[in-house]
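# Structural features, examined
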Amino acid sequence: MTDVCQQVQLLRKANHKKRKMQLSWLLRLEVVWAQAVLQQHRTLRMRLLLMQKTLHNRGYLLTQVLGGVWADKFGGKRVLSFGVIWWSMATALTPLAASLGLPVLLVMRACMGVGEGVAMPAMNNLLSRWVPVGERSRSLALVYSGMYSGSIMGLALSPHMVSRLQWPSVFYVFGFIGIFWFLAWEKNASSSPAVDNKISKEERDYITSQTIKQREDTKVPWKLILSKRPVWALILSHFCHNWGTFILLTWMPTYYNQVLGLDLMKSGIYSVLPWITMAIAANIGGWVADAMVQKGVSVTKVRKIMQSIGFLGPAFFLTQLSKVTSVGGAVACMMACQGLDACSQSGLYSNHQDIAPRYSGVLLGMSNTAGVLAGVLGTAATGMILQTGTWDDVWRVAIGLYLVGTVIWNLFSTGEQIID
């Protein structure tokens, strides 16, 4: 009975964090819908999209490592609180910024990125302190599936909001949701079991016995971290993975419009379906990965299997996009591509806590810096490729990086702790 209560409490914490990730990705989807409302002037549209997306990503890039350092030092709750209230206010103020001119709008998008940049490092820090290793994959998948649920909600609701309430409503609604979430988070969340007065002593003792101990020494061993090959394998693999992921997230509505000839409303509907697949597949993959660990399969082998699926699955289905001519076929490829991509939650996204649990926030910040850089470069490269090339050229680059990532990951990654 005690074990059941402990599981329930852990899932309660994970669900609370999942709602945060839903919020984060709802807000980030505004960038996607900035694309959809500019359909008339293609050259100007491309330049504006690249400009606002690049500035957003630069702001996001700026606080990745800093967010990890702050989370490991001050606690994930505080850092996440800062990030949510910052980006929520930036979101709610976006229509005002737009009315003041393009430069002010672009600065506001960069500010939103700054706030969002601390979210994933803070989340990784929280999970390393709340979740035992045997429940790591499914807990992380549950939390991160909030990204996909947020994408589903945002892609489904945004077109209706734009058509019925005008475009500022998207920013007002999502911004104020973030502010309300912040109030609930401040009241109910804690950075670790040691400082949470809402859980029982039995639950606290169970969690702390299965996770890392807090230390007063908060100095980050940068030289040691950067000297480890599995760290570089994680960083490079994150880059290869996110190139394809960011392209699909950012350009999917445009692909549906330009290649399949769908209007804004239909593009929104079909863009929802792959994220439903990801939300389901991430959680299935998490349970499978944890079951393998509990049956005695090494963590290293589990991480390599799951991440190989997360690389090779999307690579295969991207090769099939050029062979299909129907809307149903293209959407099915996208769904399969992104569903298999979600196995990465039990691969590289769980690996930070495996190899350096005490510095998981910093390590996530480092690898996600590479991931965001892939997003910045991939978004810009896609725009440039499409000016003179085709969507097949876009997919070939992503496929090549998926294959490179597969080789690096299987040669150099590990699931064992290498940094105390």
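Residues numbered from 1 in each chain as written. Predicted model: local features only at pLDDT ≥ 70, side-chain atom pairs only at ≥ 80, totals over all residues. Heavy atoms only, no water.

## Comments concerning the pattern of salt bridges
The condition is simple: We define a salt bridge as a side-chain nitrogen of Lys or Arg found within 4 Å of a carboxyl oxygen belonging to Asp or Glu. A run of DSSP states H or I qualifies as a helix once it reaches four residues; a run of E qualifies as a strand once it reaches two. Both are numbered from the N-terminal end. Three exposure classes are used, based on accessible area relative to the maximum for each residue type with a 1.4 Å probe and protein chains only: buried under 20%, partly exposed in between, and exposed over 50%.
Evaluated as defined, the whole model comprises 5 salt bridges. Residue Arg136 pairs with Asp354 through a salt bridge whose shortest N-O separation is 2.8 Å. One end of the pair, Arg136, is in helix 8 (residues 136-165); the other, Asp354, is in helix 16 (residues 348-355), with 218 residues separating them in the sequence. Both residues of the pair, Arg136 and Asp354, belong to the buried class. The shortest N-O distance in the salt bridge between Asp393 and Arg396 comes to 2.6 Å. You can see Asp393 and its partner Arg396 sitting in helix 18 (residues 391-412), 3 residues apart, about one turn around the helix.

## Quick look at the confidence of the model for the chain
Our working rule: A residue's pLDDT is simply how confident the predictor is in it, with values from 0 to 100. Here, two residues are considered to be in contact whenever any of their heavy atoms come within 4.5 Å of each other.
Mean pLDDT over the chain stands at 83; residues scoring 70 or higher make up 85%. Confidence over residues 36-41 falls short of pLDDT 50; this stretch has 6 contacts with residues more than four positions distant or in other chains.

## A look at unusual backbone geometry
Here Gln166, not a glycine, exhibits a phi torsion of approximately 75°, which is positive. On the secondary structure map, Gln166 appears in the loop between helix 8 and helix 9 (168-188).

## Here we look at the packing of aromatic side chains
Stated formally: Stacked, tilted and edge-to-face are the three classes applied to pairs of Phe, Tyr and Trp rings, where Trp contributes its six-membered ring and a pair requires centres within 6.5 Å; stacked means planes under 30 degrees apart, edge-to-face means over 60, and tilted covers the rest. Here, over-ring charges are defined by two tests on the NZ atom of lysine or the CZ atom of arginine: distance to the ring centre within 6 Å, and angle to the ring normal within 35 degrees.
Per the stated rule, a full pass over the model turns up 13 aromatic pairs. When the centroid spacing of 6.5 Å and the interplanar angle of 70° are considered together, the rings of Trp251 and Trp391 count as edge-to-face. One end of the pair, Trp251, is in helix 12 (residues 229-258); the other, Trp391, is in helix 18, and 140 residues separate them in sequence. For the pair formed by Trp251 and Trp391, the shared burial category is buried. Taken together, the ring pairs in this structure connect Trp251, Tyr255, Tyr256, Tyr270, Trp391 and Trp395 into an aromatic cluster. We note Arg138 situated over the ring of Trp287; from NZ or CZ to the ring centre the distance is 4.4 Å.

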